[in-house]
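# Commentary on secondary and tertiary structure
Letter by letter, the chains look like this.
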Amino acid sequence: PTSLLADTFPSPDDQATAQLLAHVREGLSRQPKTLSSMYFYDDEGSRLFQQIMQLPEYYPTRTEFGIFTEQGAAIGAALAPAAGTPFRLVELGAGDGTKTMLLLRELLSQGADFTYVPVDISGGALAGLAESLRRELPELRVEPIEADYFAALAGLRDDEPKVVLFLGSNIGNFLPQDRQEFLQQLASHLTSADRLLIGFDLQKDPRIIRAAYDDSQGVTAAFNLNLLRRLNRELGADFDLTAWEHYTDYDPLSGAVRSYLVSRRAQTVQFAGAGFSCGFAAWEVIHTENSYKFTRPQIEALARPAGLRVQHFFTDARQYFADVVLMP
Ligand code: AVI
């Protein structure tokens, strides 16, 4: 992959940079042009996402937090295997653990015998989480795994039941086919003793959903635009950030929020580090993110082909969000 980069580029042997470059070349040659929201999360992007989760318009985090606060005991009971059986609580995508902390406290207070296994590809995120858990819950056993989700699941011993958490509506960022494949693959790592808890953002007043992705303080816009800043820094591109804007739209038929970066004028962007350029017409867009919203029947239909069934459906009074317990 190093040959993709010109000699002048500062980090020719950086495999992550080569992967990003390959992705950008492929995505920007598509029609419509596309970049994956996976690349939002550099340090600045992760900081902006933390800020999004605090926004008045961004209801998902707060709502899921409320479900855990109010129904923690029932959720804990639905997740833990038979009393006294030790298990592993595996969380895919560690985050900062604020929500999970509620669940961990609950399970500890129910006397559950478990080890918490946060999984993330970012060692930095895991280290921060492990540190705050040591402080807040010193009695908790924690065994972080720095790996991609399926590598981590494949590496777990199968003589101990596991409870897998995939919270925060991350499942909404997959395209439908990828989502189905992801769940199928996840299910292939589960035995009949295991359980899965997935957070789903539910379909609701389309205006409420739209506002969550186009907040009045412009934090979500900055989050989207930060992707271009990242390409400037990591690939030596020369995106003029004043010539781009954030646009987002919720389609109640498909349940998808789609976010775009819109080129305000005709322009050509040079990727000096990589020796290629890309032209954009005035008002041409780059599609950067999908955030799907679900109905209960859709969730059941998603589970079925993966050989899973909905065991519990925990939701808030307004039915904005659901934490769903699935079992093989
Ligand atoms: C991480 N993911 C669940 C967020 C979402 O709601 O789709 C990312 C996000 N994008 C814009 N705002 C938040």
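Residues numbered from 1 in each chain as written. Predicted model: local features only at pLDDT ≥ 70, side-chain atom pairs only at ≥ 80, totals over all residues. Heavy atoms only, no water.

## Notes on the overall build of the protein
When you go through the protein residue by residue, the secondary structure sums to ten helices and 14 strands. A globule of 328 residues ought to have a C-alpha radius of gyration of about 20 Å, and the protein, at 21 Å, matches this closely. Relative to its full complement of 328 residues, the protein shows a buried share of 50%. Long-range pairs, those at least 24 residues apart, make up 71% of the contacts in the protein with a sequence separation of at least 6. Between the centroid of the 29 positive side chains of the protein and the centroid of its 42 negative side chains there is a distance of 4 Å. (Helix = DSSP H or I, 4+ residues; strand = E, 2+ residues; numbered from the N terminus. Rg over C-alpha atoms; globule rule 2.2 N^0.38 Å. Buried < 20%, exposed > 50% of the residue type's maximum accessible area, 1.4 Å probe, protein only. Contact = heavy atoms within 4.5 Å. Lys, Arg positive; Asp, Glu negative; His and termini not counted. Charge placed at Lys NZ, Arg CZ, Asp CG, Glu CD.)

## Structural notes on the side chain of S37
Relative to the elements of secondary structure, S37 occurs in the loop between β1 (33–34) and α2 (43–52). Classification of S37 by relative accessible area gives buried; the value is 12%. Once residues within four sequence positions are removed from consideration, S37 is found in contact with T288 and E289.

## Points about helix α9 (residues 219–235)
Over its 17 residues, α9 runs 24 Å from end to end, which matches the ideal 24 Å to within 8%, given 1.5 Å per residue. In the structure, α9 departs most strongly from a straight axis at L225, where the bend amounts to approximately 30°. For α9, a buried count of twelve out of 17 residues is recorded, marking the element as mostly surrounded by other parts of the structure. When we look at burial in α9, the residues that qualify are V219, T220, A221, F223, N224, L225, N226, L227, L228, R230, L231 and L235. Positioned one or two residues after α9, G236 has a phi angle of 65°, which is positive. (Expected span 1.5 Å × (residues − 1). Bend = angle between axes of the 7 residues up to and from the residue.)

## Considerations on the site of the ligand
Neighbouring residues of the ligand: 13 residues in total, closest Y58, N173, Y213, E289 and S291. Measuring from an oxygen atom of the ligand, one finds a side-chain N or O atom of Y213 at 2.6 Å. Measuring from a nitrogen atom of the ligand, one finds a side-chain N or O atom of E289 at 2.8 Å. A total of 340 Å² of accessible area belongs to the ligand in isolation, and the protein chains cover 97% of it. Of all elements in the fold, only α2, α9 and β12 (285–292) reach the threshold of two or more residues within the shell around the ligand. Of the residues contributing to the shell around the ligand, the split by class is six nonpolar, six polar and one charged. (Near = heavy atom within 4 Å. Polar contact = N/O pair within 3.5 Å; in protein donor to acceptor, adjacent residues only side chain to side chain. Areas by Shrake-Rupley, 256 points an atom, 1.4 Å probe, with all protein chains shown as cover. Nonpolar A, V, L, I, M, F, W, Y, C, P; charged D, E, K, R; others polar.)

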